[in-house]
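Residue-level listing of the chains:
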Amino acid sequence: MTGGPATVRIRVVPAGLLVLAAAAWGWMVTRWGGRSAMPGTMGLGLAAFLGVWTLMMTAMMLPATTPVAALYARTITVHRAPRMIVFTVAYLLVWAAAGLPAYALAVGLGRAARLPPAAGTAVAAAVFAVSGVYQLTPLKDRCLARCRSPIGLLLRYASYPRASRDLRAGAHHGAFCLGCCWSLMVLLAAFGVMNLWAMVVLAAVITVEKLAPAGRLVAHAVGIASIVLAVAVFWVPALAPGLTGGGGVTAGI
């Protein structure tokens, strides 16, 4: 059995999110695919940086979010399409807002990249270490658990007032995703904010963490790997092309 019309309409939700993510990936590849792993803000002002950042988050985060969106869509009986648009926009607004501290961090790290090589390497080690340690914390585990098993969240969303439910649900889930994944996004500072190879790998890690049966173990393995990189970068500065110059590492795909 393939299910009735309602089931078909619900299946449109993850398909639509994947199409939106694919469109964002297409824009990133065609617009930035030939550029090197550039340090800092890539020469962008705040508004342009936030626009690019939001497209990056659309590309990287929506594929791993489709199962939750599909479950949420099942709780909606009327006006499903516009309400899911509100849910998705609210989710992405959380990540767009995260672009503000990301911009400030990029400005600071861009300046660090112009310091003597030893200083840039030390900053890269700190970035790897911060990311790795957070991956191993109970807070990371808690946020990841909410993303992996969202039934409790869906029950909470059902108690929200109807007028604001979709907006609050999307923003609330976005906040848990931010708590789960910010440490991975920080790695882009070391690899280069627009390093497309790094984006692809990190998007794959995010998807595996959230959807694979061994996702929690993968999160811990990535944390340990980041801590190892924090040490290894002193011997191989090219591991952090966004902060050390990288020896010609490219972002092209």
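Conventions used here
Residues numbered from 1 in each chain as written. Predicted model: local features only at pLDDT ≥ 70, side-chain atom pairs only at ≥ 80, totals over all residues. Heavy atoms only, no water. pLDDT = per-residue confidence, 0-100. Helix = DSSP H or I, 4+ residues; strand = E, 2+ residues; numbered from the N terminus. Contact = heavy atoms within 4.5 Å. Expected span 1.5 Å × (residues − 1). Buried < 20%, exposed > 50% of the residue type's maximum accessible area, 1.4 Å probe, protein only. Polar contact = N/O pair within 3.5 Å; in protein donor to acceptor, adjacent residues only side chain to side chain. Axes fitted to C-alpha atoms, helices over the stretch in contact; angles between N-to-C directions. Parallel < 35°, antiparallel > 145°, perpendicular 65-115°, else oblique. Left-handed = near helix turned anticlockwise from the far one by under 90°. Nonpolar A, V, L, I, M, F, W, Y, C, P; charged D, E, K, R; others polar. Disulfide = S-S within 2.5 Å.

Turning our attention to the confidence of the model for the protein chain. Summing up the model confidence of the protein chain, the mean pLDDT is 85 and the portion of residues at 70 or higher is 89%. Per-element confidence in the protein chain ranges from a low mean pLDDT of 77 for helix α10 (residues 241–244) to a high of 96 for helix α9 (residues 215–232). Long-range and interchain partners of residues 247–253, a stretch whose pLDDT sits below 50, account for 26 contacts in this model, where long-range means more than four residues apart.

Once that is clear, we can look at helix α8 (residues 196–211). Spanning 16 residues, α8 covers 22 Å between terminal C-alpha atoms, matching the ideal 22 Å at 1.5 Å per step. When we look at burial in α8, the residues that qualify are L196, A198, M199, L202, A203, V205, I206, E209 and K210. The opening residue of α8 is N195, an N-cap whose side-chain oxygen sits 3.2 Å from the backbone nitrogen of W197.

As for its position among the elements, D166 is in helix α7 (residues 165–191). With residues up to four places along the chain from it excluded, the contact list for D166 reads Y72, I76, R83, V86, F87 and A90.

Attention shifts here to the packing of helix α6 (residues 151–158) against α7. Packing of α6 against α7 leaves a shortest axis separation of 10 Å and a crossing angle of 150°. Looking at the two axes, α6 sits roughly antiparallel to α7. α6 and α7 meet at a crossing whose hand is right-handed. Here L153, R156, Y157 and A158 of α6 lie close against α7, whose contacting residues are R165, A169, H172, H173 and F176. When the residues that make up the contact of α6 with α7 are grouped by side-chain class, the tally is five nonpolar, two polar and two charged.

A full pass over the atoms with the stated rule returns zero disulfides. Not engaged in a disulfide, the cysteine C143 finds its nearest cysteine sulfur in C180; these two sulfurs lie 6.6 Å apart. Judged by its relative accessible area of 5%, C143 is buried. Left without a disulfide partner, C181 is nearest to the cysteine sulfur of C180, which lies 3.9 Å away. You can call C181 buried: its relative accessible area is 0%.

We now examine the packing of α7 against α8. At their nearest, the axes of α7 and α8 sit 10 Å apart, and the two run at 160° to each other. Here α8 runs roughly antiparallel to α7, going by the angle between their axes. Where α7 crosses over α8, the handedness of that crossing is right-handed. Residue-level contacts link C177, C180, C181, L184, M185, L187, L188 and F191 of α7 to A198, M199, L202, V205, I206, E209 and K210 of α8.

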